[in-house]
Amino acid sequence: MLLFSRLFTDEPPEDTFADAEPLFEGGVCGYARAVVMGIDALQEEIDADITRFLKKGWTLSRISRTSLTILRLAIYEIKYIDSVPEGVSVNEAVELAKKYTIDESGFVNGILGAFIRSREGEAQ
């Protein structure tokens, strides 16, 4: 929710957290803060990773905002959070897409699958 709301504003992340505090019991947790700050700092790199696996002629602007948010979160977790297994990130992303998009879970799964396969190829 925090990442999605950031698509509509240029305010600093701290303002986003302050605005969202009443929505979360106990406030915005440290993990959520760290992820939002990390994605904010690395968004260009993450978006470049997503763009690499789009079909020819597609751009980020063609992806629904919900799917783009889900992809950014999953790729950030896969690349930068060692405590979250890749499979968990992909599964959670697909589940979020099933819940919050209209039939885009296959698209999300496809992009993330291609991303993970490319990383495995680079590691060899």
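Below, the structure is looked at part by part. (Residues numbered from 1 in each chain as written. Predicted model: local features only at pLDDT ≥ 70, side-chain atom pairs only at ≥ 80, totals over all residues. Heavy atoms only, no water.)

This next bit is on helix 2 (residues 13–20). Inspection of helix 2 places Pro13, Thr16, Phe17 and Ala20 among the buried residues, and these make up the whole buried set. Along helix 2, the residues classed as buried sweep out an arc of 100° about the axis, all on the same side. Residues of helix 2 that are buried make contact with helix 1 (2–6) and helix 3 (30–52). (Buried < 20%, exposed > 50% of the residue type's maximum accessible area, 1.4 Å probe, protein only. Helix = DSSP H or I, 4+ residues; strand = E, 2+ residues; numbered from the N terminus. Arc of directions from axis to C-beta. Contact = heavy atoms within 4.5 Å.)

For the rest of this paragraph, the subject is the pattern of salt bridges. All told, the structure shown has eight salt bridges when counted by the stated rule. In this structure, the salt-bridge partner of Lys79 is Glu45, at a minimum N-O distance of 2.7 Å. Taken together, the residues Lys79 in helix 4 (residues 65–80) and Glu45 in helix 3 connect sequence positions 34 residues apart. You can call Lys79 partly exposed: its relative accessible area is 23%. Given a relative accessible area of 36%, Glu45 falls into the partly exposed group. Linked by salt bridges that have partners in common, Glu45, Asp49, Arg52 and Lys79 make up one network. (Salt bridge = Lys/Arg side-chain N within 4 Å of Asp/Glu carboxyl O.)

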